[in-house]
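Chain by chain, the residues:
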Amino acid sequence: MSAVSDRLPAFPWDKLEPYKKTAAAHPDGIVDLSVGTPVDPVPELIQKALVAAADSPGYPTVWGTPELRDALTGWTERRLGARGMTHRHVLPVVGSKELVAWLPTQLGLGPGDRVAHPRLAYPTYEVGARLARAEHEVYDDPTELDPAGLKLLWLNSPSNPTGQVLPKDELTRIVAWARAHGVLVFSDECYFELGWEAEPVSVLHPDVNGGSYDGIVSVHSLSKRSNLAGYRAAFLAGDPAVLGPLLEIRKHGGLMTSAPTQAAVVAALGDDTHVREQRERYAARRTVLREALLAHGFRIEHSEASLYLWATRGESCWDTVSRLADLGILVAPGDFYGTAGGSFVRVALTATDERVRAAAERLGAA
């Protein structure tokens, strides 16, 4: 067991515990803007679909029900502009973090193979490479990477943590480069529904991929857009030549989404109203927090999409974390996402309206 765990870095969130205790000691309680876990209710129509499928004594299928696959293909065409999607182009997964962590292993990568991800990025991209004993590296522009031995290229737009959105022409250029060099592209698009000052574009859009899904797969999650983090509901869409072998591996490994969750996803992807309502909640919280941070002397970079504000005071991120913890506000240090984030903090929009107002009032009074 230790041989596997020794490959991994220290779990970053454990380092935040002392600051969480400080913030929790505030007389008016903690305002937790760190992890980014949804706090709003699961929409009623999704709960009803889950309950209606609760009597599910048999094993679910890894590939999902035909109704689920119809929902996945329909949503990718309606929302992402994908064309010609069939059941072979989609694959449900047990939450996106599981997929990210184990994808290099499931792709058969190992020593000598390389996995690349953005310089500022979700730390699980690196974890996945480490678990497979593959090499990992960061990039600013992926087309400047040496393609030799580069087996997996992670894109992330909108970005976690920065909220940056890659423009359509940039995505098109990267996809063309990757195809020319035989590099598999996985595009993490889990915050696709949460564009504020920029409109996210999927690698599945024909303007990006030229009408072909060869060598590209997009990753989507219902955790944030539908408040389903507790359901562990996500999916892949793209190249059947990649998804087919992944399906076989996942069947052998028993990596299946529960039957009630599959029914809930069908309901969630078939309804755009609850997504619009949740967007409005986050937009209002974003406005309050953004104005309060700016007035407090922060500078905000990117943050044109996703569930976070990428903010700096020009000091060590841990000094900022400590300063805010004294105000009862907990945020994520930017170096969780790479050394380039050493002077930034990530501020999540995932707190109740009341807690967000409390944070703004504390920042205003400090």
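For the structure itself, consult the block above.
Basis of the calculations
- Residues numbered from 1 in each chain as written.
- Predicted model: local features only at pLDDT ≥ 70, side-chain atom pairs only at ≥ 80, totals over all residues.
- Heavy atoms only, no water.
- Helix = DSSP H or I, 4+ residues; strand = E, 2+ residues; numbered from the N terminus.
- Contact = heavy atoms within 4.5 Å.
- Phe/Tyr/Trp six-rings, centres within 6.5 Å; stacked < 30°, edge-to-face > 60°.
- Buried < 20%, exposed > 50% of the residue type's maximum accessible area, 1.4 Å probe, protein only.
- Lys NZ or Arg CZ within 6 Å of the ring centre and 35° of its normal.
- Polar contact = N/O pair within 3.5 Å; in protein donor to acceptor, adjacent residues only side chain to side chain.
- Pairing = 2+ DSSP bridges.
- Axes fitted to C-alpha atoms, helices over the stretch in contact; angles between N-to-C directions.

Caption draft 1: Molecular detail of the environment of Pro-111. For Pro-111, the position within the fold is in the loop between α5 (96–106) and β3 (114–118). When residues no more than four places from it in sequence are discounted, the contact partners of Pro-111 are Ala-132 and Arg-133.

Caption draft 2: Representation of the packing of aromatic side chains within the structure. Enumeration according to the criterion identifies 11 aromatic pairs in this entry. For the ring pair Tyr-19 and Trp-318, a centre distance of 5.3 Å and an interplane angle of 40° mean the geometry is tilted. With Tyr-19 in helix α2 (residues 17–24) and Trp-318 in helix α12 (residues 317–326), this pair connects stretches of sequence that are 299 residues apart. By relative accessible area, Tyr-19 is classed as partly exposed at 23%. Residue classification places Trp-318 among the buried positions, given a relative accessible area of 16%. Judged by centre distance (5.0 Å) and plane angle (5°), the rings of Trp-310 and Phe-344 are stacked. Remark: Phe-344 occurs in strand β12 (residues 344–348) and Trp-310 occurs in strand β10 (residues 308–312); sequence separation between them is 34 residues. Judged by its relative accessible area of 8%, Phe-344 falls in the buried class. Chaining the aromatic ring pairs together yields one cluster made of Trp-13, Tyr-19, Trp-310, Trp-318, Phe-336, Tyr-337 and Phe-344. Directly above the ring of Trp-63 sits Arg-69, whose terminal nitrogen or CZ lies 4.0 Å from the centroid.

Caption draft 3: Layout of the side chain of Arg-225. Here Arg-225 lies in the loop between β7 (216–221) and β8 (234–238). In this structure the side chain of Arg-225 is engaged in a polar contact, spanning 3.2 Å, whose partner is the side chain of Glu-193. Within the structure, Arg-225 has its side chain in polar contact with the side chain of Ser-226 (distance 2.8 Å). The residues contacting Arg-225, other than those within four sequence positions of it, are Trp-75, Glu-193, Ala-268, Leu-269, His-274, Val-275 and Gln-278.

Caption draft 4: Main features of the pairing of β7. Within β7, 6 of the 6 residues are buried, leaving the element largely enclosed by the surrounding structure. Burial along β7 is two-sided: Ile-216, Ser-218 and His-220 and Val-217, Val-219 and Ser-221, pointing in opposite directions, are all buried. Here strand β6 (residues 184–188) pairs with β7 via 4 bridges, running parallel. Each residue of the ladder has a partner; that of Ser-187, found in β7, is Ser-218. Relative to β8, β7 is paired through 5 bridges, and the arrangement is antiparallel. The residue of β8 that forms the bridge with Ser-221 is Ala-234.

Caption draft 5: Structural context of the sheet that holds strand β1 (residues 31–33). Read across the open sheet, the 5 strands follow the order β1-β11-β12-β10-β9; overall the sheet is mixed. Either end of the sheet is taken by a strand with one partner, and the two such strands are β1 and β9 (299–301). If you compare each strand with its neighbour and ignore which way they point, the axes differ by 40° on average. Inspection of the sheet shows β10 paired to β12 by 5 bridges, in the antiparallel sense. Opposite Ala-311, over in β12, you have Val-345 as the bridge partner. Those strands touched by helix α13 (residues 353–365) are β1 and β11 (329–333), and its axis lies near 100° from that of β1.

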